[in-house]
Amino acid sequence: MLSKIAVPILAIVVFLGLWEALVWVNDWPNYKMASPSDLPPAFWKYKELFLTMGWQTLWRTVAGLLLAVVFGTLLGMIIGFSRIARDALYPLLIGFNAIPKATLVPVISLIFIGQHDFNTVLMAFMISFFPIAVSVGIGLSTLEPEYRDILRALGASRMTIFLKIALPKTLPEFFGALKVAATLAFIGTNLVEIVSPHGRGLGALFKSGETNGDYPLMFAVLIALALLGIILYYAVVMLERYFAGWAERENS
Amino acid sequence: MKHAYATASGPLPVLDGLDVSVPTGTFAAVVGPSGCGKSTLTRLVAGLLKPDEGEVWLHGERVKGPRKTVGMAFQNPVLLEWRTILDNIILPLEIVAPRMPRKDRVDRAMELLEMVGLTGFEDKRPSELSGGMRQRASLCRSIVHKPDVLIMDEPFGALDAFTREDLWQTMRDLRRAEPFTAVLITHDLRESVYLGDQVIVLSGRPARTQYVMDIDLPEDRALDVLYTPPVADMLHILREQIKIAQGREEGGH
């Protein structure tokens, strides 16, 4: 238990120490690379901004992720259960996923002019639904026929079989994909926040640091983003423990 | 009965002229060469497939689709990893008897767990059990809703020889306590003789009934019966029938 908390903290301390040493040994100025010791003053100076902007980024990321879960699961069900849908949709999905999402920022900001919140959530959603849809689809389409037959032989409906067997059986794959999707959603949110003029959120704070030549602020934003990413990731892990804890094997 | 699967190269007949009848309350063991259509037979009896020609009748009723009075067990125990052993066994009751109180379901499951020697394991996950124990739990699940007919597709096929013999005895205990009619698909001739009231030999594909042997052994047979001369003779005859089914003559290979 102790090592579960102590080991990761120690790893972070070692990482920060190496970073500090790297900057110190090379005698880099702030505008080349800020060192960890520059960050606390930057956080302190803009603490209100960090809180409000961090909240902006967090809620929009989570909103986009929730949309991705709903849409991705539905899409996954469609491609998981229907061969025709699978054949039809896979090329489209892969093609869409291959488009660098940065190129879509001007597109959506022209379609929905001035809708900064909406655009940000939309981007977080678009970048993160793909892994969820694919993993749910694969989970459902690879369900062994015997699992279906034990209930089908009793006359159970397709819906019952889905709820009692297919859905819970796909949960481990679903959560695996959700962890990937959670970090992707942050990328989507920040893309829009950084690129949009007069944006909000941590991305906009980063942009203003850049504009004003406040390099410690830029690095502080990066650390804040990393922190949010870690928080969201572990929130997903907690959900996974609760809903799919059965899939975890005891280490022997 | 007649049945064929559609394949890229035209229909592939798997069953042709198959005629099997199993008297109510008895145990039929079905043996035959690999790929002769035994598993297709189980799916037809369970109502998961419809025969192209012919009919399946169970207890005076023609099978037109899945029915709640059937129990199924496979070589793979197909236990749900996210449920405890107890909740795995209860699963069919959730479909067949949705209004049955939880307490009655638990009582029924515990009764079966005791019969197969799994008392104390009801709160374990399937991954915590050995292969033999999982198959025992799977058998409990297949009869928890008191089916008229129990269909088993090589349920003991993946177990080691000694575990398998233990399960044969468990199977006989279950039969004594529960009134189901059983159809067992197997590759193991000793298993078919020990468990069956009759052994049905299917021919190679397309399968038809090639030979039926009535097993005339005492009801409370012990495992030792397999090492007696009459059983040796039965096994010999069945082995010869399998050779014929495989299309090989006596003395050939």
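Please read all numbers here as calculations on a predicted model, not as lab measurements. The numbers attached to residues start from 1 for each chain and follow its sequence in the written order. Labels are handed out in written order, letters beginning with A for the chains and numbers beginning with 1 for the ligands. It should be noted that, the model being predicted, local features are given only for residues of pLDDT at least 70 and side-chain atom pairs only at 80 or more, the latter also being counted only at that level, while totals for whole chains, interfaces and linings use all residues.

**Focus on the UniProt feature "transmembrane region" (unreviewed entry) in chain A**
- UniProt positions are given in the numbering used here, feature names are shortened, and annotations may be inferred rather than shown by experiment. Within the UniProt annotation, "transmembrane region" (unreviewed entry) is assigned to residues 7-25, 58-81, 88-114, 120-143, 174-195 and 215-236 of chain A.
- Segments assigned H or I by DSSP are reported as helices when at least four residues long, segments assigned E as strands when at least two residues long, and all are numbered from the N terminus. The span residues 58-81 of chain A is 100% helix and 0% strand, and its two end C-alpha atoms sit 34 Å from each other.

**Things to note about helix α10 (residues 215-244) of chain A**
Residues and elements named next belong to chain A.
- Residue count minus one, scaled by 1.5 Å, sets the expected span of a helix. Spanning 30 residues, α10 covers 43 Å between terminal C-alpha atoms, matching the ideal 44 Å at 1.5 Å per step.
- Exposure classification rests on a simple neighbour count of other C-beta atoms within 10 Å of a residue's own: a residue reaching 20 or more is buried, one at 12 or fewer is exposed, and one in between is partly exposed. C-beta atoms are placed from the backbone. For α10, the set of buried residues is P216, L217, M218, F219, A220, V221, A224, L225 and A244.
- The contact rule is simple: place each C-beta atom from the backbone, and if two of them lie within 7 Å, those residues are in contact. Lining the buried residues of α10 we find α2 (39-45), α3 (47-81), α8 (158-195) and α9 (202-211).

**With respect to the environment of G25(B)**
All names here are of chain B.
- Within the secondary structure layout, G25 lies in the loop between β2 (10-16) and β3 (27-31).
- In this structure G25 comes out as exposed when scored by C-beta crowding, with 12 C-beta atoms within 10 Å.
- Counting along the chain gives 172 residues from G25 to D197, while the straight-line C-alpha distance between them is 9.9 Å.
- Filtering out sequence-adjacent residues up to four positions away, G25 remains in contact with P179 and T181.

**Re the interface of chain B and chain A**
- Contact with chain B, which involves 18 residues of that partner, is made by 16 residues of chain A.
- For the side of chain B that touches chain A, the elements supplying multiple residues, two or more each, are β6 (70-74) and α2 (85-96) of chain B.
- Put simply, Ala, Val, Leu, Ile, Met, Phe, Trp, Tyr, Cys and Pro go in the nonpolar bin, Asp, Glu, Lys and Arg in the charged bin, and everything else, Gly too, in the polar bin. Taken together, the residues of the side of chain B that touches chain A sort by class into 12 nonpolar, 2 polar and 4 charged.

**Observations regarding the nonpolar core**
- Core analysis: the largest hydrophobic core is formed by 111 residues, its most contacted members being V30(B) and C140(B).
- Among the elements that take part in this core, helix α6 (residues 116-141) of chain A stands out by supplying 14 residues, more than any other.
- Ignoring anything within four residues of it in the chain, the contact list for C140(B) reads I89(B), A109(B), L112(B), L113(B) and V116(B). The nonpolar core criterion groups buried Ala, Val, Leu, Ile, Met, Phe, Trp, Tyr and Cys residues into a set whenever they are joined through C-beta atoms within 7 Å.

**Focus: the pairing of strand β9 (residues 198-202) of chain B**
Residue and element names in this part refer to chain B.
- β9 sits mainly inside the fold: 4 of its 5 residues count as buried.
- Two strands pair under a simple rule: DSSP has to find at least two bridges between them. Judged from the 4 bridges that link them, β3 and β9 form a sheet pairing that is parallel. Looking at the pairing, V31 lines up with V201 of β9.
- Relative to strand β10 (residues 209-214), β9 runs antiparallel, the two sharing 5 bridges. Across the sheet, V199 pairs through a bridge with M213, a residue of β10.
- The antiparallel hairpin formed by β9 and β10 contains 6 residues in its connecting segment.

**A few points about the packing of α3(A) against α9(A)**
Residues and elements named next belong to chain A.
- Relative to each other, α3 and α9 sit at 130°, their axes nearing to 7 Å. Here α3 lies oblique to α9, going by the angle between them. When α3 is examined against α9, the residues L49, M53, G54 and T57 are found in contact with a partner set consisting of L202, G203, A204 and L205.
- Here the contact of α3 with α9 is built from residues that sort into 5 nonpolar, 3 polar and no charged. Lines fitted to C-alpha atoms define the axes, with helix axes restricted to the stretch in contact, and inter-axis angles between N-to-C directions lie between 0 and 180 degrees. Just so you know how the angles are binned, under 35 degrees is roughly parallel, over 145 roughly antiparallel, 65 to 115 roughly perpendicular, and the rest oblique.

**Let's talk about the sheet that holds β9(B)**
Residue and element names in this part refer to chain B.
- The strand order across the open sheet formed by 6 strands is β6-β7-β8-β3-β9-β10, and the pairing between neighbours is mixed. Of all the strands in the sheet, the pair left with one neighbour each is β6 and β10. Each strand of the sheet is rotated relative to its neighbour by a mean of 15°, with strand direction disregarded.
- Strand direction decides the pairing type here: β3 and strand β8 (residues 181-185), joined by 4 bridges, are parallel. In the strand pairing of β8, V30 is matched with I185.
- Running at roughly 165° to β6, helix α4 (residues 131-143) makes contact with β6 and β7 (149-153) of the sheet.

**Quick look at unusual backbone geometry**
- A positive phi angle, near 55°, is found at D27(A), a position not held by glycine.
- By secondary structure assignment, the location of D27(A) is in the loop between α1 (2-26) and α2.
- Judged by the 7 C-beta atoms lying within 10 Å of it, D27(A) is exposed.
- The residue E154(B) is not glycine, and still its phi comes out positive at about 50°.
- Its location among the elements puts E154(B) in the loop between β7 and α5 (161-177).
- Take E154(B): there are 19 C-beta atoms within 10 Å of it, and that puts it in the partly exposed class.

**A closer look at the environment of T42(B)**
All names here are of chain B.
- Relative to the helices and strands, T42 is located in helix α1 (residues 38-45).
- Considered as a pair, T42 and D153 are 111 residues apart in the sequence and their alpha carbons are 6.9 Å apart.
- Setting aside its immediate chain neighbours within four residues, T42 contacts I151, D153 and I185.

**Description of the packing of α2(B) against helix α3 (residues 102-115) of chain B**
All names here are of chain B.
- Remark: α2 packs on α3, axes separated minimally by 9 Å, with the N-to-C direction vectors making an angle of 120°. When the interaxial angle is binned, α2 and α3 end up oblique. Read as a crossing pair, α2 and α3 show a hand that is right-handed. Each of L86, I89, I90 and L93 in α2 lies in contact with α3, whose residues at this interface are R105, V106, A109 and L112.
- Per-class residue counts for the contact of α2 with α3 are 7 nonpolar, no polar and 1 charged. A clockwise turn of the near helix away from the far one marks a right-handed crossing, whereas an anticlockwise turn of less than a right angle marks a left-handed crossing.

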